[in-house]
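Now for the letters of each chain:
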Amino acid sequence: MYYIWKPIPRSFFRALLKGFVPDIFRSYFDLKGSFFNQQAKCKSEATLLAYGFVISIVLFLERLPGKVVNNSSNMEATISPLLPMIGIDLFASIFFVPLFLYLIAAVLHIFFLPLNGKASFFESRLAFFWSAIICSPIILIYALLEVLLKNIFLVNLIQYLMVAITAWIFSLLLCTAEGVYIHRPIFISLSVTYFLLSYLSS
């Protein structure tokens, strides 16, 4: 008899475990190794630019739940429709955020030069972009929890935890790329800078 359900080939499962998204989740178990893996695979500026667009979309999605909730609770929602706001935000994210990311990567690379940073500008950009991509699931989860949770204390606690995790990832990968061993001071500096900017903007 002919079997309709054929055994799934092992190559299918191997394919699932390879690729961009699985690389992100595997990186949580070996952050330094994930950077070296990207360093071996990513050889072109086109790949970095694609990473920049991915980060732009993630940052757009991170702002989306808040926009939807604020618009639904806004009495003037008919005056400022939601879809045009989302369209403008998406346009700005795609066309301007990648340029901003390149600018931040350049500033970070210059920052590491007096610290005997050994990475090329390409490697420094790769470390920064890959760090942002690794942090993407964490940022998206926080964006959803911020909207769903009503407890302000719990939201702030999750925010502090998210900042600590992302600052740790960025500092570790940037220091790994640059070949400097000041990971913890950079981690503290990034965390303090974020909280200071948050306080000044509030």
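Remember, predicted model here, so these are calculated numbers, not experimental data.

**Digging into the overall build of the protein chain**
Working step 1: Secondary structure assignment for the protein chain yields eight helices and zero strands.
Working step 2: Moving toward the C terminus, one meets the helices and strands of the protein chain in the order α-α-α-α-α-α-α-α.
Working step 3: Sequence separation of at least 24 residues holds for 71% of the intrachain contacts in the protein chain that already meet a minimum separation of 6.
Working step 4: For the protein chain, the computed accessible surface area is about 13,000 Å², with 74% contributed by carbon and sulfur atoms.

**What about the layout of surface pockets?**
Working step 1: Counted as a void, the largest pocket has a volume near 1,100 Å³.
Working step 2: Taken together, 32 residues form the lining of the largest pocket, with I104, F128, T166, F170 and Y194 sitting closest to its centre.
Working step 3: For the lining of the largest pocket, the secondary structure elements donating two or more residues are α4 (45-72), α5 (82-112), α6 (121-148), α7 (152-178) and α8 (183-201).
Working step 4: Partitioned by chemical class, the residues of the lining of the largest pocket number 24 nonpolar, six polar and two charged.

**Concerning the nonpolar core**
Working step 1: Core analysis: the biggest nonpolar cluster contains 36 residues, and Y51, F128, F129, W130, I169 and L173 have the highest contact counts within it.
Working step 2: At the level of secondary structure, the elements contributing two or more residues to this core comprise α3 (31-41), α4, α5, α6 and α7.
Working step 3: Of all the elements, α6 adds the most residues to this core, at twelve residues.
Working step 4: In this structure, F129 is in contact with L48, Y51, G52, I55, L101, Y102 and A105, ignoring residues within four places of it in sequence.

**Some details on α7**
Working step 1: Between its first and last C-alpha, α7 extends 38 Å over 27 residues, near the 39 Å set by a 1.5 Å rise per residue.
Working step 2: Immediately beyond the C-terminal end of α7, within one or two residues, lies G179, with a positive phi of roughly 70°.

**Describing the pattern of salt bridges**
Working step 1: Going through the model one piece at a time under the given rule, you end up with four salt bridges.
Working step 2: Between R63 and D89 there is a salt bridge, with its nearest N and O atoms 2.7 Å apart. Here R63 is found in helix α4, whereas its partner D89 is found in helix α5, with 26 residues between them in sequence.
Working step 3: Relative accessible area serves as the criterion here: at 12%, D89 is assigned to the buried category.
Working step 4: The network of salt bridges with common partners includes D23, R26 and K41.

**Things to note about the packing of aromatic side chains**
The description of two aromatic rings rests on the distance between their centres and on the angle between their planes.
Working step 1: Using the criterion set out here, one finds 14 aromatic pairs in the structure.
Working step 2: Considering the side-chain rings of W168 and F187, the 5.3 Å spacing of their centres and the 75° angle between planes classify their relative orientation as edge-to-face. Within this pair, whereas W168 is found in helix α7, its partner F187 is found in helix α8, the two being separated by 19 residues in sequence.
Working step 3: Ring pairing ties together the aromatic residues Y102, F128, F129 and F170, which thus form one cluster.
Working step 4: A cation over a ring is seen here: R125 above F121, with NZ or CZ 4.3 Å from the ring centre.

**So, the confidence of the model for the protein chain**
Working step 1: Here the protein chain shows a mean pLDDT of 84. Residues at 70 or above account for 86%.
Working step 2: Under a pLDDT of 50 for its full length, residues 1-6 has, in the predicted model, zero contacts with residues more than four places off or in other chains.

**Section: the side chain of S124**
Working step 1: Mapped onto the secondary structure, S124 falls in helix α6.
Working step 2: S124 gets classed as buried once you look at its relative accessible area, which sits at 2%.
Working step 3: Excluding residues within four positions of it along the chain, S124 makes contact with A105, H109, A119, L174 and E178.

Cut-offs and rules
- Residues numbered from 1 in each chain as written.
- Predicted model: local features only at pLDDT ≥ 70, side-chain atom pairs only at ≥ 80, totals over all residues.
- Heavy atoms only, no water.
- Helix = DSSP H or I, 4+ residues; strand = E, 2+ residues; numbered from the N terminus.
- Contact = heavy atoms within 4.5 Å.
- Areas by Shrake-Rupley, 256 points an atom, 1.4 Å probe, with all protein chains shown as cover.
- 1 Å grid on protein atoms, 1.4 Å probe; cavity = no way out; pocket = protein on both sides within 12 Å on 5 of 7 lines; lining within 4 Å.
- Points joined across faces, edges and corners; volume = space filled by probe spheres on them.
- Nonpolar A, V, L, I, M, F, W, Y, C, P; charged D, E, K, R; others polar.
- Core = buried A, V, L, I, M, F, W, Y, C linked by side-chain atoms within 4.5 Å.
- Buried < 20%, exposed > 50% of the residue type's maximum accessible area, 1.4 Å probe, protein only.
- Expected span 1.5 Å × (residues − 1).
- Salt bridge = Lys/Arg side-chain N within 4 Å of Asp/Glu carboxyl O.
- Phe/Tyr/Trp six-rings, centres within 6.5 Å; stacked < 30°, edge-to-face > 60°.
- Lys NZ or Arg CZ within 6 Å of the ring centre and 35° of its normal.
- pLDDT = per-residue confidence, 0-100.

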